[in-house]
Amino acid sequence: MATFKDFRNKVKPNWCPGCGDFSVLAAMQRAFANQGLEPEDVAIVSGIGCSGRISGYVNAYGFHGVHGRALPIAQGLKLANRDLTVVAAGGDGDGFAIGMGHTIHAIRRNVDITYIVMDNQVYGLTKGQTSPRSEMGFKTKSTPKGSIEATIAPMEMALTAGAGFVAQAVSSDLKQLTRLVEEGLKHKGFSLINVYSPCVTYNKVNTYDWFKEHLVNLDDEEGYDPSNRMQAMQKLMEHNGLVTGLIYQNKERKAYEELIPGFDEKPLAKQDLKINKEQFEELVAEFA
Amino acid sequence: MIKQLSWKVGGQQGEGIDSTGEIFSIALNRMGYYLYGYRHFSSRIKGGHSNTKIRISVRPIRAVSDELDVLVAFDQETIDLNAHELHEGGVILADAKFNPTLPEGVSAQLFAVPFTKIAQDVGLAQMKNMVAVGASSALLGLPLEAFQSVIEEKFSRKGQQVVDKNMQAIQRGVEYITEQTGGPLNALRLEKSDGKKRLYMIGNDAIALGALAAGARIMAAYPITPSSEIMEYLIKQLPKFGGTVVQTEDEIAAISMVIGANYGGVRALTASAGPGLSLMTEAIGLSGMTETPAVIVNTQRGGPSTGLPTKQEQSDINAMIYSTHGEIPKIVIAPSTAEECFYDTIQAFNLAEKYQCPVIILSDLALSLGKQTVEPLDYDRIQIERGNLVTDDQELEELENSQLFKRYQFTDNGISPRILPGKKHGLHHVTGVEHDETGRPSENPLNRKKMMEKRLRKLEQGIDFKDPVHLDCKHEEADLLIVGINSTRGVIHEAMERLEEKEGVKVNHAHVRQVLPFPTDILREQMAKAKKVVVVENNATGQLANLLKLHVGMADKITHIGKYDGNPFLPSEIYNQCKELLVHGHV
Ligand SMILES: Cc1ncc(C[n+]2csc(CCOP(=O)(O)OP(=O)(O)O)c2C)c(N)n1
Ligand code: SF4
Ligand SMILES: [Mg+2]
């Protein structure tokens, strides 16, 4: 059986020392091993950004696509081969700016993949511009006088879009993060995990210390019931979204694959391509 | 007895024009006639003039004709807009309900037939279409039985009574006209057909069926005219083969999903028109860079921007060749008949896997939506070739020691072994960033140069596409070579025949079916044999003509005949302009 070390490869990440994304990488590798997966069972599809590089750092199948499109690529892959464990990953710009349309629709569609957002509330790769996750007033290269646009609330948005699995974590708590990734992998349907993953270079406001001060851990909240959507929304609003843990899970909702008429258990990628002569004649008859 | 005739039905969009044309033409196709139908419609759903023009012939035809023999009109507007097409002695069958009148200067025979009233008598005003079908068939002297099976198939779901009533409406139409005319009109009596069984389909049906036959099991698309029929057909059929269609949030998602599915090992396609293709551009580059197969259908319509969404144009040729930044290997093919839509789509999937690159199937509105007679499709011609796809487990065992799979191995022909995720010994990375042989990002200048050359090398020796140019070139020395693309195949053919017959000039015809890589050598040979070259295309700037100038040269020989008013060419337009060119040296 594979251990988390089997999911490591020899590529040295080009992230800055201290970047939150290192923890996300470690959590992924641990979660895969803990779930009894082998490297060839896993495919990671990532976007473009510092975070997007993550698919190249895991010893598994990896597809590093274009900015904002990790989700449609990942969904196409999962529909092609439902035996694979497909994880999509990328930054907050990738998922909540350029790729926001795909995020909402992936939530609605509910293909059985896990989506991990490395949310540093800034654009890292392009050297520090504002992101839809930046707080109002946040000063960046592109907002020298401070951001004047409202912040997107991804967890609340996911709830209203009908998400079946909504969780949030922070890079500094590897244990909780790993557990949530595992829960996401196990969940049948689309799972969204937003990870506060500090950018130590371009975000001097939302730092590890800042999160320590502001985050509320739902694991410590007595009586919190993640199957209660109303309560989940209330909790998020109460704390301005600054919570960690499993926020909401709906175990009843069926994954997209389960609802496609005639969709086989056996992966499409393993099926015979050729249609037989009889079937062909039948198809053609419609046009006679 | 005549060899061919043209029939048109028109009225307000949404009042059953399509089904009238449909029933009439299916019956004729089953009788063994060759048909070609073209629908004129607007982007409104209800209201607005719409018509379907159908050409019926005892020999193969692939174009609308200049003239019209019979016009069926459900409103006066149809007469006012279309009566000028009728030749001397042509016939109008119009609903008596609106007191039809002939426009000034039109010398057609007008029959006011109480379509609506008869239909009401039989039971339902909507069946006025059937009365019109009956009246038309009486003029042509078609047997009533020809409609029986068509009506049964269309209405049996609704019960025998509905079938009977519709047949009755047809019969009453026949009777009414027979009473007026005493029998079929001599000028409209078609020669007997060969009675052979053939198919009748629109290009989009053929593309969709081709995709299914090629083994495509996932389609991801966003609806758009005139491509939606491809999606609709596959929504109906794919579930029977375990596959599915995903209606995505936009075309970027559609092409991305297609890339994901192909990466996963399933043949997948998307289909759209100009606006959608514009959105797909970045991802087409991803397919090229990551060497992931993708099949994309572009059913061209009037551009730019939203342009003329329901009209014919061929103005995306440049966009298909050049769009996406950077330099990738890409294949663009352009079928010109519904048959070719079927076989070429199968080839497209083979090419995409063989050369591991995006393949664009370029169609146009007239081909995608025009309904035409198709010779029986040959099951034995469905070949599935998956290229250098490593599936052999033995081979994989050997790879075990070599750690990472060299997905982008440098090879002589540039094509590297491909492996699907899930294979134990095939781990590798895929990225749109420049990469080394195992797919790891690399900025090394030497590697970059080699990798770029490897990718481009795949198509350098030409590709394995059957008949890159359709040649109808019987003259060793020709006065004229006409070059076209997509749906103009039949109309050029007719203009060519007319030029030879009436003007006594020698005309050759080359129809470009492979746009990228451009079939320069074949075209050069044909152009060298001709004194003049005329490029017929539905665009304003002469995109195909410019490609000829760029790749072949001989610019001073080349003249471009463009039409970009939204309508397909008529044979007379090509004939007249070619004649002009031959006589005066310019058009
Ligand atoms: C279509 C397109 N537009 C812009 C870019 C440039 N770009 C690359 S990454 C990025 C934003 C990165 O921010 P985020 O997604 O938050 O990732 P991070 O680097 O913070 O991990 C941008 C704008 C691009 N690659 N593609
Ligand atoms: S710039 Fe920020 S996000 Fe990018 S690697 Fe450095 S710390 Fe991480
Ligand atoms: Mg970011």
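As the structure is a prediction and not an experimental result, all values here were calculated from the model.

Rules of the game
- Numbers given to residues run from 1 along each chain, matching the order in which its sequence is written.
- Chain letters start at A and ligand numbers start at 1, both assigned in the order the entries are written.
- Under the rules for a predicted model, residues below a pLDDT of 70 receive no local features and side-chain atom pairs below 80 are neither given nor counted, while totals for whole chains, interfaces and linings still include all residues.
- Only heavy atoms go into the side-chain values, all of them from the structure, while hydrogens and water stay out.
- Only when DSSP finds a minimum of two bridges between them are two strands counted as paired.
- By the criteria applied, helices consist of DSSP H or I runs no shorter than four residues and strands consist of E runs no shorter than two, each listed in order from the N terminus.
- Between N-to-C directions, angles span 0 to 180 degrees; the directions come from axes that are lines fitted to C-alpha atoms, helices contributing only their stretch in contact.
- We call a residue near a given molecule or strand whenever any one of its heavy atoms falls within 4 Å of it.
- Ten residues, namely Ala, Val, Leu, Ile, Met, Phe, Trp, Tyr, Cys and Pro, are considered nonpolar, four, namely Asp, Glu, Lys and Arg, are considered charged, and the remaining ones, Gly among them, are considered polar.
- As used in this record, nonpolar core signifies buried Ala, Val, Leu, Ile, Met, Phe, Trp, Tyr and Cys residues forming a set joined through side-chain atoms within 4.5 Å.
- A simple rule labels every residue: compare its accessible area, found with a 1.4 Å probe on the protein chains alone, to the largest value its type can have, and call it buried under 20%, exposed over 50%, or partly exposed in between.
- The contact rule is simple, with two residues in contact once any of their heavy atoms fall within 4.5 Å.
- By definition, a salt bridge exists where a carboxyl oxygen of Asp or Glu is found within 4 Å of a side-chain nitrogen of Lys or Arg.
- Water is not part of the atom set, so a site may look incomplete; the donors themselves are N, O and S atoms within 2.8 Å of the metal, or 3.2 Å for Na, K and Ca.
- By definition, the buried area sums, over both parts, the 1.4 Å-probe accessible area that each loses when the two are put together.
- As used in this structure description, the phrase polar contact means that two N or O atoms lie within 3.5 Å; if the pair is within protein, one of them must be able to donate a hydrogen and the other to accept it, and residues adjacent in sequence are counted only when both atoms belong to side chains.

So, the sheet that holds strand β14 (residues 371–374) of chain B
As a general point, the strands of a sheet are linked pairwise by backbone hydrogen bonds and lie either parallel or antiparallel.
Residue and element names in this part refer to chain B.
Here comes step 1: On the basis of which strands lie adjacent, the open sheet formed by eight strands has the order β6-β5-β4-β1-β3-β2-β14-β7 and mixed pairing. The open sheet has two free edges, formed respectively by β6 (109–113) and β7 (199–202), since each of these has just one partner strand. In this sheet, adjacent strand axes meet at a mean angle of 20° when their direction is disregarded.
Here comes step 2: As defined by bridge partners, strand β1 (residues 4–12) adjoins strand β3 (residues 49–57) across nine bridges and the pair is classed as antiparallel. Bridge pairing links K8 to K53 in β3.

Description of the site of ligand 2
Here comes step 1: As a matter of local geometry, ligand 2 sits amid W15(A), C16(A), C19(A), C50(A), N120(A), C199(A), V200(A), T201(A) and Y202(A).
Here comes step 2: Split into classes, the residues belonging to the shell around ligand 2 amount to seven nonpolar, two polar and no charged.

Description of the nonpolar core
Here comes step 1: Core analysis: the largest hydrophobic core is formed by 100 residues, its most contacted members being I247(A), V515(B), L544(B) and L548(B).
Here comes step 2: Setting aside anything within four residues of it in sequence, one finds L548(B) in contact with V483(B), F518(B), L523(B), M527(B), V533(B), V535(B), G553(B) and I558(B).
Here comes step 3: Counting residues in hydrophobic clusters, the runner-up holds 53 residues, among them A352(B), Y355(B), C357(B) and I361(B).

Observations concerning the pattern of salt bridges
Here comes step 1: Here the structure, examined in full by the defined rule, presents 45 salt bridges over all chains.
Here comes step 2: A salt bridge links E221(A) to K235(A); the nearest nitrogen and oxygen atoms lie 2.6 Å apart. Taken together, the residues E221(A) in the loop between β7 (216–217) and α8 (229–238) and K235(A) in helix α8 connect sequence positions 14 residues apart.
Here comes step 3: You can call E221(A) partly exposed: its relative accessible area is 26%.
Here comes step 4: Put simply, K3(B) and E191(B) hold a salt bridge, and the shortest N to O gap is 3.1 Å. Here E191(B) lies in the loop between α6 (160–181) and β7 and K3(B) lies in the segment before β1, a separation of 188 residues in the sequence.
Here comes step 5: Taking relative accessible area as the criterion, K3(B) reaches 49% and is therefore assigned partly exposed.
Here comes step 6: Residues joined in a network through salt bridges with shared partners are R267(B), E353(B), R386(B) and R418(B).

What to know about the coordination of the magnesium ion (ligand 3)
Residues and elements named next belong to chain A.
Here comes step 1: Here the magnesium ion (ligand 3) is held by the protein donor atoms D92 (OD), N120 (OD1) and V122 (O), which lie 2.1 to 2.2 Å from it.
Here comes step 2: Read in sequence order, the donor residues for the magnesium ion (ligand 3) give the motif D-x27-N-x1-V. Taken together, the residues D92 in helix α3 (residues 92–98) and V122 in the loop between β4 (114–119) and α5 (154–160) connect sequence positions 30 residues apart.
Here comes step 3: You can call D92 buried: its relative accessible area is 1%.

Remarks on the interface of chain A and chain B
Here comes step 1: Contact residues are listed per partner, giving 53 residues for chain A and 67 residues for chain B.
Here comes step 2: For the pairing of chain A and chain B, the buried interface totals around 5,000 Å² over both sides, and the portion due to carbon and sulfur atoms is 65%.
Here comes step 3: By the criterion of area lost to chain B, the three top residues of chain A are Y61(A), L273(A) and F287(A), representing 17% of everything that side buries.
Here comes step 4: Inspection of the region where chain A meets chain B yields three salt bridges.
Here comes step 5: Residue E286(A) pairs with K236(B) through a salt bridge whose shortest N-O separation is 3.0 Å.
Here comes step 6: Linking chain A with chain B are 18 residue pairs in polar contact (both at pLDDT 80 or more), by the criterion used here.
Here comes step 7: Residue assignment for the side of chain A that touches chain B shows that the elements contributing at least two residues are β2 (61–64), α2 (70–80), α4 (100–109) and α10 (277–285) of chain A.
Here comes step 8: In terms of residues, the side of chain A that touches chain B owes the most to one element, α2(A), which gives seven residues.
Here comes step 9: The residue inventory of the side of chain A that touches chain B, partitioned by class, reads 25 nonpolar, 18 polar and 10 charged.
Here comes step 10: As paired strands, β2(A) and strand β15 (residues 429–431) of chain B are joined by three bridges and run parallel to one another. Among the inter-strand pairings, F63(A) is bridged to a residue of β15(B), identified as V430(B).

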